[in-house]
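As a plain string of letters, each chain reads:
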Amino acid sequence: MKKMFSLLFSRVVLVAGSMVLQAMILLVMLVKFQEYFAYFYGICTLLSLVIALYVINSKINPGYKIAWLVPLLLFPIFGGLFYLIFGGRRLSRREQRKMSAIGRQVIAQMGKDGDTLETMKEESMDAYLQSRYIERYAYSGVCRNTYSEYLPLGEVKFQRLIEELEKARHYIFLEYFIIQEGIMWNTILEILERKVAQGVDVRVIYDDMGCLTTLPKNYHQQLEEKGIQCCVFNPFVPVLSSRFNNRDHRKIAVIDGYVGFTGGINLADEYINAYPKHGHWKDTAILLRGDAVWNLTVMFLSMWNYLRHTDENFDLYRPHVHQPVAEATDGYVQPFSDAPLDMEAVGETVYMNILSRAKRYVYITTPYLIVDNEMVTALSHAAKQGVDVRIITPHIGDKWFVHASTRAYYEMLVENGVKIYEYTPGFIHAKTFVCDDLYATVGTINMDYRSLYLHFECAAWLYHTRSVLQVRDDFLKTQDVSQPITLEWCRQCPWYVRLIRALLRLFAPLM
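What this report covers is the structure whose coordinates are included nearby. What you see is a predicted model; the values in this text were computed from it and never measured.

What about the overall build of the protein?
Tallying secondary structure elements over the protein gives 21 helices and 19 strands in all. The burial tally for the protein puts 56% of its 511 residues in the buried class. With an accessible surface of roughly 22,200 Å², the protein has 60% of that area assigned to carbon and sulfur atoms.

Below, the structure is given as structure tokens:
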């Protein structure tokens with residue numbers, strides 16, 4: 001009885017009930033005023049046509065345009081209304097102004113290291129051009145004096161994170177899409193509480209949509225009572241709105257300004273295989289020590305200022321304030337962020353820059369392969385030139401419709417020479433690129449529309465570091481337990497499965 005009561009009054013049930021109630025009210029209004037249906041129909045049809053023209057002439061991705069034009073033109077009564085409620089891809093103008101101010105702050109704090117870029121230019125023009133793009137459009141400088149360590153599993157990241165948290169003496173910053181009470185988070189929380197008692201400045205940011213089913217309502221207040229400062233990104237309100245398209249999908253940990261983590265791993269038990277949610281959960285992260293951690297620190301503090309309405313003195317958190325000895329140089333490291341506040345798809349462009357400059361191979365891991373025509377062309381073009389392009393996706397999906405959408409892209413890519421594998425033991429959530437033993441990225445950026453265009457994301461671009469080879473070796477090891485996808489496999493699917501996949505692919509940008 002107690003479990004039933006808790007379920008009935010859980011956040012998910014209350015939110016779902018609120019959504020259904022709003023939909024019912026809309027239907028009742030339509031029935032109530034049916035005598036005015038002709039006027040209503042005319043106004044809605046005109047609205048849908050106006051919005052369709054707006055969508056056609058907008059700068060958004062063509063795939064996103066098509067996904068909206070179909071319902072707008074087929075269902076003119078509801079299409080326009082639906083777009084007004086859910087079609088927004090960005091924050092409100094007021095929120096954009098606030099975030100833009102923070103963006104200017106990021107530009108001022110990140111700075112540029114012209115000497116490092118020039119040194120890279122002398123070594124490789126290809127690397128220089130990729131790095132310069134990130135500096136110009138993500139406002140994130142490239143760094144040396146940084147140690148990087150690739151972490152091939154959630155269990156490894158968990159252990160390394162605990163070790164570094166225990167060493168914290170000054171501050172701990174955590175920013176995660178999902179936090180869930182359990183073995184992983186409870187272990188971390190116990191350390192955070194001890195650190196607060198020792199006078200360490202501990203701050204946490206989590207995304208409310210990401211934690212809708214994993215944390216109780218007002219959990220941030222519980223953390224504040226423990227002395228842990230906490231902010232919630234985009235607090236969920238059960239009202240039909242497009243504002244929840246934009247989510248903080250980043251995973252960042254910064255300890256004393258000199259040690260940082262990013263990657264695909266959230267703070268929940270499935271990420272460390274504490275229980276088998278979708279078979280074996282394969283995920284990855286990168287540990288950074290040294291100058292490049294500053295980029296992660298600025299990302300966190302800029303988001304903190306936006307949510308907390310504060311004006312932090314960034315200089316107090318620079319890498320060498322508490323660690324005066326510089327780290328030995330191991331190649332180039334450039335952590336960067338991507339935000340949905342402009343029309344610049346930084347994450348996708350970084351991926352395509354790697355593909356366009358590949359000479360021998362590009363190995364990719366992604367949980368979702370729901371990409372636009374530009375990315376399909378880039379993958380196919382590289383493969384047709386003779387570049388060994390390989391992609392590992394999950395064999396067991398976390399959402400059936402997303403997994404079906406991913407498989408809808410297989411046949412076209414395999415036909416063009418791209419080699420695709422499915423991770424047989426379960427679900428792969430890693431987001432990595434590695435190319436020619438020279439470049440790699442490890443981060444939070446999935447190969448789907450939501451990650452590439454709607455979410456706040458981050459990653460680390462690596463050039464000529466030892467961790468690049470670690471990413472490569474882990475890919476090959478993962479491929480050994482993955483099954484290859486053939487054209488025969490793609491074409492033997494029943495016609496109705498292919499039809500469902502085609503429909504899902506059409507509406508993939510809206511998922």
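Overview of the sheet that holds strand β12 (residues 388-394)
Taken together, eight strands build an open sheet; the order of strands is β9-β18-β16-β15-β10-β12-β13-β19 and the sheet is mixed. Because the sheet does not close on itself, it has two edges, and the strands there are β9 (332-338) and β19 (482-484). Between one strand axis and the next, the sheet turns through 20° on average, direction left out of account. Examined bridge by bridge, β12 and strand β13 (residues 419-423) share five bridges and lie parallel to one another. Along β13, the bridge assignment pairs Ile 392 with Tyr 421. Where helix α8 (residues 125-137) meets the sheet, it contacts β9, β16 (439-443) and β18 (457-463), and its direction lies at approximately 155° from that of β18. Packed on one face of the sheet, helix α12 (residues 293-308) meets β9 and β18 and runs near 15° to β9.

Examining unusual backbone geometry
Its identity as a non-glycine residue notwithstanding, Asn 145 has a phi of 45°, on the positive side. By the secondary structure assignment, Asn 145 is in the loop between α8 and β1 (146-151). Backbone geometry places His 309, a non-glycine residue, at a positive phi of 60°. Assignment of secondary structure puts His 309 in the loop between α12 and α13 (319-322).

Quick look at the sheet that holds strand β2 (residues 171-176)
Within the open sheet, the seven strands sit side by side as β1-β8-β6-β5-β2-β3-β4. Their pairing is mixed. A single partner strand is all that each edge strand has here, and the edge strands are β1 and β4 (229-233). Taking each pair of neighbouring strands and ignoring which way they run, the sheet shows an average axis angle of 10°. In this structure, β1 lies alongside strand β8 (residues 285-290), joined through six bridges in antiparallel fashion. Bridge assignment links Tyr 150 to a residue of β8, and that residue is Ile 286. Against the sheet, helix α10 (residues 183-197) engages β2 and β3 (201-207), with an angle of about 150° to β2. In this fold α12 packs onto β2, β3, β4, β5 (252-255), β6 (259-263) and β8, with an angle of close to 80° to the strand it touches most, β4.

What to know about the nonpolar core
In terms of nonpolar packing, the biggest core is built from 96 residues, with Trp 185, Ile 188 and Leu 379 touching the most fellow members. By residue number, the principal contributor to this core is α10, which donates seven residues. Once residues lying within four places of it in the same chain are set aside, the contact partners of Leu 379 are Leu 355, Ile 364, Val 389, Ile 391, Leu 413, Val 418 and Met 447. With 46 residues, the next largest nonpolar core counts Val 106, Met 110, Tyr 421 and Val 442 among its residues.

Digging into helix α9 (residues 154-167)
The end-to-end C-alpha separation of α9 is 20 Å, in line with the 20 Å expected for 14 residues at 1.5 Å each. Every buried residue of α9 is listed here: Gly 154, Lys 157, Phe 158, Arg 160, Leu 161, Ile 162, Glu 164 and Leu 165. Check the buried side of α9 and you find it contacts β1, β2, α10, β5, β6 and β8.

Description of the packing of aromatic side chains
Evaluated as defined, the whole model comprises 20 aromatic pairs. Summarising the aromatic geometry, the rings of Tyr 351 and Phe 433 are spaced 4.1 Å apart at their centres and angled 5° between planes, so their arrangement reads as stacked. Here Tyr 351, found in helix α14 (residues 346-357), pairs with Phe 433, found in strand β15 (residues 432-435); they are 82 residues apart in sequence, far enough to count as distant. Classification of Tyr 351 as buried rests on a relative accessible area of 4%. The rings of Tyr 171, Phe 173, Phe 300, Trp 304 and Tyr 317 are connected pair by pair, giving a single aromatic cluster.

Considerations on the pairing of β16
Within β16, five of the five residues are buried, which leaves it mostly tucked inside the rest of the structure. Residue alternation in β16 divides its side chains into two sets, Tyr 439, Thr 441 and Gly 443 and Ala 440 and Val 442, and both sets are buried. Connecting β15 to the antiparallel partner β16 that follows it, the hairpin turn spans three residues, and Asp 436 within it adopts a positive phi of roughly 55°. Note: β16 against β18, five bridges, orientation antiparallel. The residue of β18 that forms the bridge with Ala 440 is Leu 462.

Details of the environment of Pro 71
By the element assignment, Pro 71 lies in helix α4 (residues 62-74). Residue class for Pro 71 comes out buried when judged on its relative accessible area of 15%.

What about the side chain of His 403?
Mapped onto the fold, His 403 is located in helix α16 (residues 400-407). Residue classification places His 403 among the buried residues on the basis of a relative accessible area of 12%. Of note is the side chain of His 403, whose polar atom sits 3.1 Å from the backbone oxygen of Pro 394. Once residues lying within four places of it in the same chain are set aside, the contact partners of His 403 are Pro 394, His 395, Gly 397 and Glu 422.

Examining a negative patch on the surface
Among the surface-exposed residues, Asp 115, Glu 118, Glu 122 and Glu 123 lie close enough to one another that they form a single negatively charged patch. Checked against the element boundaries, Glu 123 lands in helix α7 (residues 114-123). A relative accessible area of 45% means that Glu 123 is categorised as partly exposed.

Topic: α7
Owing to its 3.6 residues per turn, the α-helix aligns residues three or four sequence positions apart on the same side. The set of residues buried in α7 consists of Thr 116, Leu 117 and Met 120. Considered in projection along α7, the buried side chains sweep an arc of 95° and stay on one side of the axis. Opposite the buried face of α7, at more than 90 degrees from it, the exposed residues are Asp 115 and Glu 122.

What counts, and at which threshold
Residues numbered from 1 in each chain as written. Predicted model: local features only at pLDDT ≥ 70, side-chain atom pairs only at ≥ 80, totals over all residues. Heavy atoms only, no water. Helix = DSSP H or I, 4+ residues; strand = E, 2+ residues; numbered from the N terminus. Buried < 20%, exposed > 50% of the residue type's maximum accessible area, 1.4 Å probe, protein only. Areas by Shrake-Rupley, 256 points an atom, 1.4 Å probe, with all protein chains shown as cover. Pairing = 2+ DSSP bridges. Axes fitted to C-alpha atoms, helices over the stretch in contact; angles between N-to-C directions. Contact = heavy atoms within 4.5 Å. Core = buried A, V, L, I, M, F, W, Y, C linked by side-chain atoms within 4.5 Å. Expected span 1.5 Å × (residues − 1). Phe/Tyr/Trp six-rings, centres within 6.5 Å; stacked < 30°, edge-to-face > 60°. Polar contact = N/O pair within 3.5 Å; in protein donor to acceptor, adjacent residues only side chain to side chain. Patch = residues over 30% accessible without salt bridge, like charges linked within 9 Å, V, L, I, M, F, W, Y side chains within 5 Å. Salt bridge = Lys/Arg side-chain N within 4 Å of Asp/Glu carboxyl O. Lys, Arg positive; Asp, Glu negative; His and termini not counted. Charge placed at Lys NZ, Arg CZ, Asp CG, Glu CD. Arc of directions from axis to C-beta.

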